[in-house]
Amino acid sequence: MSDDFEKNLRDHLHREAEETREFPRRLRGRIRDGIAPRARARMAPQLALAGALVLVAIAVLAFRNPTIINVVTTSIKGLIEPSPSPTPQPFLCQDQSGGSSSVATLTNIRAASHAGDGYDRIVFDFTGAIPSWDLTRQESPTFVRDASGQQVTLDGSAGLKLAFRGADVYAPTGPAGSTPGGPPTDLQPRLTSIREIAQIGNFEHQLTYGIGLSSSQCVRVLQLTNSRLVIDVATSGSASTTAAPTPLPTQPAATDLGAFGCLDHSGGTNSGPAMQLTAVRVAHQTGFDRIVFEFAPQAGATAHIPAYTVSRQASAKFVKDPSGLPVTMRGSAGLRIVFHGASGATSYSGSRDQIVNLPVVQEVEQLGDFEAVLSWGAGLSQPSCIRTLELPNPTRLVIDVQTP
Amino acid sequence: MLMDPAFGRVIARWREGDRDAFEEVVDRYGLQLLRTARLILRDEALAEDAIQETFLKAWQRIGSLHDEDPGPWLTRIAMNESISTYRRRHRFQALTERFGRLGGGKHGVSSEARLDLAHALDQLTAEQRAAVALHYYQDLSVEETAQALEVPIDTVKSRLKTGLRRLRELTGSEEASA
């Protein structure tokens, strides 16, 4: 009888424990925040003491050898002035990416004109290393908000999208929803090139900014010491500027399906029970590679395309949701496809990592399926324009990726 | 305990301050530690606090992890944190438990007051629940449970014996088995 009781106890403990189905995303985030490098302000007393000791040492040396002053002032200049790039970097008229897979916190955003040098500058300040980033150029200042899918149009006539993976925003204590003292969510410097900078996404450590430009311009990105990412945008008149990417001429057969756009796309609706992912297919057709996500409604529910965003990015690096682990797919550019109100956990039995090696689409992989947020990534051989089609019977989202 | 070489490399990266490697460790051990903490603390938010502290301490104290599987080491930290968290948050309850014990030896439970196992577990001390959770949920031996709780083996035996007797009383299983 004692054995029965212990068996019941063991069974009960397992049942009770399994009520916690997954390691909560919020707890993972709290731990991640806890191990992030601390703000330098906490070391202020120690730094002040160290600085005082250095000054005393310099005074003693200067008393013995006055030429030391020149050496010291030169060194200090080197420390306080923005460190120049080892070799002058050109302005590039193409998408760019960089950074590391570390976790960082954005503390400030600044913008200023460098009219004399022919560019406007934005500086993103981080604590910790500069996180993985990619910068995509687009032909309009309209962006898709991550994760709502709403469109937002900034000041200007062209745009840059800057996405950071593994990044949070510094948010000092304040009323819910506000970040007093944190970086601005919408900055309108109204400079020659840079017109507006707005946060368009802060979701699962993917932090995204849209930058409205007066016209399509080339860009230089510098990763400076003290975890600063600098975006220099050429001002008009520069000989090096070329337009942001525009769609290639489409084949006549494809014209009926709608135009390609070098912009992020969104659509669908987030209503009713989560739609069930049943198939993911990838194939090449004349002029484009096609990715199809097929869905079925739950029993008794109405079929609909779940709310989605398709975001272009300048690298094939992604972050898994909710683990936050980095994943790199084949290719040099990417698409991030996020559905809200969808899941494939029980309905999808196909491959969650398809290596297809088509002209542009190289790989398609599931990035997350958690709390009815389903995300996939696509690795592309080159930055490409896209179009999306919402089709019924069966319910499908079709993403066509333009091929050369 | 020996580690597989691939995971050994993850630990080595963690020692070098690689936060991605540390998050792999969180992924590997986090859920079971959280479940165990919740069994002890009987409260989801408190369990999350305890496990957050566990991993933050582990991050800081990686130097004290020798060439071994980090599982038992993390469990030791998690058990300390869980019991400390319980004590901090339930000082008043701890006092009432103490007065209750002073008030008189064996608590009989009438048939009307029989509890289900979940509520009966609520009535144990945090130390008893920790022993019960490690032994009956994590399936650790008495010796391993003693190591995880950093107490002598006889203390674990006593906590298990007292805890089980109390659970039987509270659920009426003693009567049923008589």
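Please refer to the structure placed before this passage.
The structure presented is a predicted model; accordingly, all values stated were derived computationally and were not measured.

Chemist: Requested: an account of the interface of chain B and chain A, with residues and values cited.
Modeler: Contacts between chain B and chain A engage 36 residues on the former and 35 residues on the latter. Carbon and sulfur atoms make up 61% of the surface buried where chain B meets chain A, a total of about 3300 Å² over both sides. For the chain B face of the interface with chain A, the top three residues by lost area are B:R19, B:E23 and B:Y136, together amounting to 20%. Between chain B and chain A we count 9 salt bridges in total. The partner of B:E44 in a salt bridge is A:R26, with the nearest N and O atoms 3.4 Å apart.

Chemist: Just give me the short version of the sheet that holds strand β25 (residues 386-391) of chain A, but keep the residues and values in it.
Modeler: Residue and element names in this part refer to chain A. Read across the sheet, 5 strands follow the order β21-β15-β16-β26-β25 without closing on themselves; strand pairing throughout is mixed. The sheet is open, and its two borders are formed by β21 (342-343) and β25, each paired with just one other strand. When β25 meets strand β26 (residues 395-402), the two strands line up antiparallel, connected through 6 bridges. Bridge assignment links I386 to a residue of β26, and that residue is V401.

Chemist: I'd like a description of the packing of aromatic side chains, backed by residues and values.
Modeler: As enumerated under the stated definition, the model contains 15 aromatic pairs over all chains in all. Ring plane angle 70° and centroid distance 5.0 Å describe the contact between A:F126 and A:F164, whose orientation is recorded as edge-to-face. With a gap of 38 residues between them, A:F126 in strand β3 (residues 119-127) and A:F164 in strand β7 (residues 158-165) connect regions that are remote in the sequence. The same class applies to A:F126 and to A:F164, which are both buried. The residue whose ring lies beneath A:R220 is A:Y119, and the NZ or CZ to ring-centre distance is 4.9 Å. In this arrangement the basic side chain of B:R28 is found over the ring face of B:F7, its NZ or CZ atom lying 3.8 Å from the centre.

Chemist: How would you summarise empty space enclosed by the protein if you had to cite specific residues and measurements?
Modeler: Residues and elements named next belong to chain A. All chains considered together, the criterion is met by 2 cavities of 30 Å³ or more. If you add up the space inside the largest cavity, you get close to 90 Å³. What lines the largest cavity is a set of 15 residues, and nearest its centre among them are D146, K161, T208, D264 and S311. Of all the secondary-structure elements, those providing two or more residues to the lining of the largest cavity are β7, β11 (206-213) and β17 (307-313). Here the lining of the largest cavity takes 4 residues from β17, the largest share from any one element. Here the lining of the largest cavity is built from residues that sort into 3 nonpolar, 5 polar and 7 charged. Per-domain counts for the lining of the largest cavity show at least three residues from each of domain 2 (96-234) and domain 3 (252-402). Size it by volume and the second largest cavity reaches roughly 30 Å³. If you go around the second largest cavity, the residues you meet are D95, T136, R312, Q313, G334, L380, P383 and S384. Tallied by class, residues from the lining of the second largest cavity come to 2 nonpolar, 4 polar and 2 charged.

Chemist: Just give me the short version of the environment of A:D353, but keep the residues and values in it.
Modeler: All names here are of chain A. Mapping D353 onto the fold places it in strand β22 (residues 353-355). Linking D353 and E363, residues 10 residues apart in sequence, is a C-alpha distance of 7.2 Å. Here D353 is in contact with E363, V364 and E365, once residues within four sequence places are set aside.

Chemist: Tell me about helix α3 (residues 44-60) of chain B, residues and numbers included.
Modeler: A rise of 1.5 Å per residue sets the reference length of α3(B), with its 17 residues, at 24 Å; its end C-alpha atoms lie 24 Å apart and thus fit the reference within 8%. Every buried residue belonging to α3(B) is among B:L46, B:A47, B:E48, B:A50, B:I51, B:Q52, B:T54, B:F55, B:L56, B:A58 and B:W59, and all of these are buried. Check the buried side of α3(B) and you find it contacts α2 (25-35) of chain A together with α1 (5-15), α2 (19-41) and α4 (70-89) of chain B.

Chemist: Describe the packing of α3(B) against α4(B), naming the residues involved and giving the relevant values.
Modeler: Residue and element names in this part refer to chain B. For the pair α3 and α4, the least separation of the axes is 8 Å and the interaxial angle reads 135°. By the angle class used here, α3 and α4 are oblique. For the element pair α3 and α4, the recorded crossing hand is right-handed. Touching L46, D49, A50, I51, E53, T54, F55, K57 and A58 of α3 are W73, L74, I77, A78, E81, S82, T85 and R89, all from α4.

What counts, and at which threshold
- Sequence order sets the numbering: in each chain, residues are counted from 1 along the sequence as written.
- Lettering for chains starts from A, numbering for ligands starts from 1, and both go in the order in which the items are written.
- In keeping with the predicted nature of the model, local features appear solely for residues at pLDDT of at least 70, side-chain atom pairs appear and are counted solely at 80 or more, and the whole-chain, interface and lining totals rest on all residues.
- Side-chain numbers here rest on the full set of heavy atoms in the structure, without hydrogens or water.
- Any two residues whose heavy atoms approach within 4.5 Å are treated as being in contact.
- Two parts placed together each lose some accessible area under a 1.4 Å probe, and the buried area is that loss summed for both.
- By convention in these notes, a salt bridge is any Lys or Arg side-chain nitrogen within 4 Å of a carboxyl oxygen on Asp or Glu.
- Pairing between two strands requires that DSSP report at least two bridges joining them.
- Here a strand is any run of E in DSSP of at least two residues, a helix any run of H or I of at least four, and the numbering for each starts at the N terminus.
- The aromatic pairing rule takes the rings of Phe, Tyr and Trp, using the six-membered ring of Trp, and pairs them if the centres are within 6.5 Å, calling planes under 30 degrees apart stacked, those over 60 edge-to-face and the rest tilted.
- Burial classes follow relative accessibility: with a 1.4 Å probe on protein chains only, a residue under 20% of its type's maximum area counts as buried, one over 50% as exposed, and anything between as partly exposed.
- The rule for a charge over a ring is simple: NZ of Lys or CZ of Arg within 6 Å of the ring centre, and within 35 degrees of the ring normal.
- Here the term cavity refers to a set of points on a 1 Å grid, laid over the protein atoms alone, in which a 1.4 Å probe fits but cannot get out; the term pocket refers to an open set having protein on both sides within 12 Å along at least five of seven lines, with lining residues being those that place an atom within 4 Å of a point.
- Grid points are joined across faces, edges and corners, and a volume is the space filled by probe spheres set on the points.
- For this classification, Asp, Glu, Lys and Arg are treated as charged, while Ala, Val, Leu, Ile, Met, Phe, Trp, Tyr, Cys and Pro are nonpolar and the rest, including Gly, are polar.
- In this entry, domain limits derive from an automatic or database-based domain assignment.
- Multiplying 1.5 Å by the residue count of a helix minus one yields the expected span of that helix.
- Axis definition: a line fitted to C-alpha atoms, over the contacting stretch in the case of helices. Angles run 0 to 180 degrees between N-to-C directions.
- Roughly parallel here means an angle under 35 degrees, roughly antiparallel means over 145, roughly perpendicular means 65 to 115, and every remaining angle is called oblique.
- When the near helix sits turned anticlockwise from the far one by under a right angle, the crossing is termed left-handed; a clockwise turn instead gives a right-handed crossing.

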